[in-house]
Amino acid sequence: MSTKSHLIAPSVLAADFAKLYDDIIMVNKSEADWFHIDIMDGVFVPNISFGFPVMQAIAKHATKPLDVHLMIVDPDRYLQVCKDSGADIITVHYEACTHLHRTLAAIKELGCKAGVALNPHTPVALLKDVLADLDLVCLMSVNPGFGGQKFIPNTYAKVQELRAMAQGVNDGLLIEIDGGVTTANAAQLLKAGADVLVAGSFVFNAADPLETVKTLKDIDIALAKI
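Treat the numbers as computed from the prediction; the structure is a model and nothing was measured.

Conventions used here
- Residues numbered from 1 in each chain as written.
- Predicted model: local features only at pLDDT ≥ 70, side-chain atom pairs only at ≥ 80, totals over all residues.
- Heavy atoms only, no water.
- UniProt positions renumbered as here; feature names shortened; annotations may be inferred.
- Helix = DSSP H or I, 4+ residues; strand = E, 2+ residues; numbered from the N terminus.
- Contact = heavy atoms within 4.5 Å.
- Polar contact = N/O pair within 3.5 Å; in protein donor to acceptor, adjacent residues only side chain to side chain.
- Buried < 20%, exposed > 50% of the residue type's maximum accessible area, 1.4 Å probe, protein only.
- Pairing = 2+ DSSP bridges.
- Core = buried A, V, L, I, M, F, W, Y, C linked by side-chain atoms within 4.5 Å.
- Salt bridge = Lys/Arg side-chain N within 4 Å of Asp/Glu carboxyl O.
- Phe/Tyr/Trp six-rings, centres within 6.5 Å; stacked < 30°, edge-to-face > 60°.

Caption draft 1: Focus on the UniProt feature "active site" (unreviewed entry) in the chain. Under the UniProt annotation, "active site" (unreviewed entry) lies at D38 and D178. A maximum C-alpha distance of 10.5 Å is found for the annotated residues, which run over 141 residues; spatially they form one tight group. With respect to the element layout, D38 can be found in strand β2 (residues 35–40). Sequence-distant contacts of D38, defined by excluding residues within four places in its chain, comprise S11, L13, S49, F50, H69, M71 and D178. A distance of 3.1 Å separates polar atoms of two side chains, one belonging to D38 and the other to S11. By the secondary structure assignment, D178 is in strand β7 (residues 174–178). Judged by relative accessible area, which is 8%, D178 ranks as buried. Leave out the neighbours within four places in its chain, and D178 touches H36, D38, H69, C138, L139, M140, S141, V142 and V198.

Caption draft 2: Layout of the environment of L118. As for its position among the elements, L118 is in strand β5 (residues 113–118). Take L118: its relative accessible area is 0%, and that puts it in the buried class. Along the chain, L118 and L189 lie 71 residues apart, while their C-alpha atoms are 16 Å from each other. The residues contacting L118, other than those within four sequence positions of it, are Y94, E95, P123, V124, L127, C138, L139 and M140.

Caption draft 3: Examining the pairing of strand β6 (residues 136–140) more closely. For β6, the tally of buried residues reaches 5 of 5 residues, placing the bulk of the element in the interior. Where burial is concerned, the two faces of β6 agree: the one with L136, C138 and M140 and the one with V137 and L139 are both buried. Bridging between β6 and β7 involves 5 bridges; their strand directions are parallel. Each bridged residue has a counterpart across the sheet, and for L136 the counterpart in β7 is L174.

Caption draft 4: Highlighting the nonpolar core. Grouped together as the largest cluster of nonpolar side chains are 62 residues, with contacts concentrated most on I37, L70 and I177. Among the elements that make up this core, the one with the highest residue count is helix α6 (residues 186–192) (5 residues). With residues up to four places along the chain from it excluded, the contact list for L70 reads I39, F52, P75, L79, C82, I90, T91, V92 and H93. Membership of the second largest hydrophobic core comes to 12 residues, among which are I89, A117, V142 and V198.

Caption draft 5: Structural view of the pattern of salt bridges. One pass over the structure, following the stated rule, counts 6 salt bridges. Across the salt bridge formed by K214 and E31, the nearest N and O atoms sit 3.7 Å from each other. Residue K214 is found in helix α8 (residues 209–217), and its partner E31 is found in the loop between α1 (20–29) and β2; the two are separated by 183 residues along the sequence. Under the relative-accessibility criterion, K214 is labelled partly exposed at 32%. Since its relative accessible area comes to 35%, E31 is described here as partly exposed. Here R77 ties to D74 by a salt bridge, and the two come within 3.2 Å at their closest N and O atoms. Connected through salt bridges with shared partners, the residues E31, K214 and D218 form a single ionic network.

Caption draft 6: The arrangement of α1 in detail. Those residues of α1 not exposed but buried are L20, D23, I24, M26, V27 and N28. Buried residues in α1 make contact with β1 (7–10), β2, α2 (52–61), α7 (201–204) and α8.

Caption draft 7: Focus on the packing of aromatic side chains. Under the defined criterion, the tally for this structure stands at 3 aromatic pairs. Ring centres of F52 and Y78 lie 6.1 Å apart, and the angle between their planes is 25°; on these two criteria the pair is classed as stacked. In this pair, F52 is assigned in helix α2 and Y78 in the loop between β3 (66–71) and α3 (79–84), connecting sequence segments 26 residues apart. A relative accessible area of 30% means that Y78 is categorised as partly exposed. Ring geometry for F151 against Y156: centres 5.2 Å apart, planes inclined by 50°, an arrangement best described as tilted. Each member of the pair F151 and Y156 is classed as buried.

Next up, the structure:
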């Protein structure tokens, strides 16, 4: 497992859109490392989130990197506008990319970090042939499309398997967990080999979001059991 400090990426999908500016400033002030931005098209997933104009508005005020998760069909069409809208990391779904290697190369040509997301049913072994080309793998620990879902426990085993796959091939790979992350499972995920925790409802619906982010950031993996 990597010895570097883990990262926290609050998911803006769970923010209060009526006071989005305030929530962006809150994340800026918090100990969070990234903004997690979900772009959904209502086709690849059964929901529509927000588009690039909203992302551009977020980017104007965000002081931390934008980790953009494209839950859309044919993501290649939108890579340039995604970059132009402020993306630092662009993650596409394995299930949505016919020519994944080409898509990853296009993301890197734009100067962004390249990530791949896997749905809960998708084996990590399918990434073997592109593993060396990745900066990040986002393991969906819920079925993508809606916030507030229950964490899928099989995620722990997938994290361990992916971390083992990456050893000696891509030791700098970041493993991100997206869906149902709370203080109840964060330590176990980190001990399994995760690096980045995406938290939406758990942060934005908390009585004290700043303290909640701090608690996630201060997780002690020594207390976890696998």
